[in-house]
Amino acid sequence: MSVKLLYFAWVRERIGRTEEVVDLPDAVRTVGDLVGWLAGRGEEYAHAFDNPKVVRAAIDRTHVRPDAAIAGAREIAFFPPMTGG
Amino acid sequence: MTIRLQREDFDAAAEAAKIARGRTDIGAVVTFAGICRDHEGGAGVSALTLEHYPGMAEEEIARHVAEAEKRWPLLGVTVIHRYGRLVPGDNIVLVVTASAHREAAFSAAEFLMDYLKTRAPFWKQEERQQGKAWVDAKQSDDAAAGRWDRPRKRDAAE
């Protein structure tokens, strides 16, 4: 499936991109699978996801957990824990 | 309910006055303003840049406001969150809550701030003498937000 990925804060800095569209193999079913697939794409990605517990995700602008299914997602965002307010 | 994301400064007093204008059923208005400080953990901060996720930030804040309105009898809510580069003394965030009595207004304002700190997609980067650094999320903020979690339903077996 084709999906838009967005990156924020130091995740964005480490990867070196704000966003990209990727074509995912069928085996990538969950957010956790996607993190693993991204980490294998290159050093910058591995660096961004080297502590997978820290990076958070949102599917179509809603917070999700690593076991969330990505089927049907239009955009998936990855970011560090939030520091708003 | 009023929710705004903006670069520009806001006027806390004017927003508080707006929420109650023309109404005689409001007995309590609570106004909280979060302000940029010049220090964090003993180190000097010369500027703060707030990055955000456009679209999700507004939606997430709206979800929290809707939750607050479910939990408390609120007659008005205003949340304004700035983004971009701010310096010490600048306003960052405004929460105004209105209700007939004070308990709802105080509790809802605290609830909204605790959730804004942990679930609204904003990220702060500080400028210090040694350079720029992303602010780490605080465990104390997570704990503060956690105290508003509803208790889970008990299993039938318990």
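Data block above holds the structure.
Residues numbered from 1 in each chain as written. Chains lettered and ligands numbered in written order. Predicted model: local features only at pLDDT ≥ 70, side-chain atom pairs only at ≥ 80, totals over all residues. Heavy atoms only, no water.

K.L.:
Hey, could you run me through the pattern of salt bridges in this one?
P.N.:
Charged atoms that come close allow side chains of opposite charge to pair. Taken as a whole and judged by the stated rule, the model has 21 salt bridges over all chains. The salt bridge partner of R12(A) is E51(B), with a shortest N-O separation of 2.6 Å. Note that R12(A) is positioned in helix α1 (residues 9–15) and E51(B) in strand β5 (residues 47–52), a pairing that runs across two chains. On the accessibility criterion, E51(B) (16% relative accessible area) is buried. Across the pair R63(B) and E60(B) runs a salt bridge, and its minimum N-O distance is 2.7 Å. Of this pair, R63(B) and E60(B) both sit in helix α2 (residues 56–71), three residues apart, which is roughly one turn of the helix. We classify E60(B) as buried; its relative accessible area is 3%. One salt-bridge network, in which partners are shared between bridges, spans R17(A), E20(A) and R41(A). (Salt bridge = Lys/Arg side-chain N within 4 Å of Asp/Glu carboxyl O. Helix = DSSP H or I, 4+ residues; strand = E, 2+ residues; numbered from the N terminus. Buried < 20%, exposed > 50% of the residue type's maximum accessible area, 1.4 Å probe, protein only.)

K.L.:
Any chance you could explain the interface of chain B and chain A here in plain terms?
P.N.:
In many reports, interface size means the accessible area that the parts give up when they come together. Across the contact, 27 residues belong to chain B and 19 residues belong to chain A. Between chain B and chain A, roughly 1,900 Å² of surface is buried when both sides are summed, and carbon and sulfur atoms account for 56% of that area. Considering only the side of chain B, the residues that lose the most area to chain A are Y53(B), W123(B) and W134(B), jointly responsible for 35% of the buried surface there. The interface formed by chain B and chain A includes two salt bridges. Joining chain B to chain A, the criterion identifies 13 residue pairs in polar contact (both at pLDDT 80 or more). Where the side of chain B that touches chain A is concerned, the elements lending two or more residues are β5, α2, β8 (91–99), α3 (102–119) and β9 (122–128) of chain B. Considering each element in turn, the side of chain B that touches chain A owes the most residues, five residues, to α3(B). (Contact = heavy atoms within 4.5 Å. Buried area = accessible area lost by both parts, 1.4 Å probe. Polar contact = N/O pair within 3.5 Å; in protein donor to acceptor, adjacent residues only side chain to side chain.)

K.L.:
When you look at the nonpolar core in this model, what are you seeing that I'm missing?
P.N.:
If you look at the biggest cluster of nonpolar residues, it comprises 35 residues, and the most contacted ones within it are L5(A), I76(A) and F78(A). Mapped onto this core, the elements with two or more residues apiece are β1 (2–7), α1, α2 (31–39), α3 (43–48), β3 (56–59) and β5 (75–79) of chain A. A28(B), V65(B), L74(B) and W148(B) belong to the second-largest nonpolar core, a separate cluster that totals 31 residues. (Core = buried A, V, L, I, M, F, W, Y, C linked by side-chain atoms within 4.5 Å.)

K.L.:
Whenever I open this one, the sheet that holds strand β2 (residues 28–35) of chain B confuses me. Can you help?
P.N.:
Within a sheet, adjacent strands bond to each other through the backbone by hydrogen bonds, running parallel or antiparallel. Residue and element names in this part refer to chain B. In spatial order, the strands read β1-β6-β8-β2; together these four strands make up an open sheet with mixed pairing. The open sheet has two edge strands, β1 (2–6) and β2, and neither has a second partner. The mean inter-strand angle of the sheet, taken between neighbouring strand axes irrespective of direction, is 5°. With five bridges joining them, β1 and strand β6 (residues 74–82) adopt parallel strand pairing. Bridging across to β6, T2 finds its partner in T78. Together, β1 and β6 form the strand contacts of α2, whose direction differs from that of β6 by roughly 155°. Lying over the sheet, α3 contacts β2, β6 and β8, oriented at roughly 150° with respect to β8. (Pairing = 2+ DSSP bridges. Axes fitted to C-alpha atoms, helices over the stretch in contact; angles between N-to-C directions.)

K.L.:
What is the right way to read the pairing of strand β10 (residues 131–134) of chain B from this model?
P.N.:
Within a regular strand, side chains alternate between the sheet's two faces. Residues and elements named next belong to chain B. Inspection of the sheet shows β9 paired to β10 by four bridges, in the antiparallel sense. Directly across from E126, in β10, lies its bridge partner A133. Linking β9 back to β10 in an antiparallel pair, the connection comprises two residues.

K.L.:
In this structure, what is going on with the sheet that holds β9(B)? I would like to understand it.
P.N.:
All names here are of chain B. On the basis of which strands lie adjacent, the open sheet formed by four strands has the order β7-β5-β9-β10 and antiparallel pairing. At either end of the open sheet lies a strand with only one pairing partner, and these are β7 (84–86) and β10. Direction aside, the axes of adjacent strands within the sheet are offset by 25° on average. One ladder, built from six bridges, connects β5 with β9; its direction is antiparallel. Residue pairing in the sheet places E51 in a bridge with W123 of β9.

K.L.:
Just checking my understanding: could you explain the packing of aromatic side chains for this structure?
P.N.:
What characterises a pair of aromatic rings is the spacing of the ring centres plus the angle enclosed by the ring planes. What the rule picks out here adds up to nine aromatic pairs over all chains. Arranged with centres 6.5 Å apart and planes meeting at 20°, the rings of Y7(A) and F78(A) form a pair that is stacked. A residue pair is termed long-range when its members are at least 10 positions apart, and Y7(A) in strand β1 and F78(A) in strand β5 qualify at 71 residues. For the residue pair Y7(A) and F78(A), the accessibility class agrees, reading buried in each case. Seen from their ring centres, F111(B) and W148(B) are 5.6 Å apart, and the 90° between their planes marks the pair as edge-to-face. One end of the pair, F111(B), is in helix α3; the other, W148(B), is in the segment after α4 (139–146), with 37 residues separating them in the sequence. An aromatic cluster of three or more residues is present, and its members are F8(A), F79(A), Y53(B) and W123(B). (Phe/Tyr/Trp six-rings, centres within 6.5 Å; stacked < 30°, edge-to-face > 60°.)

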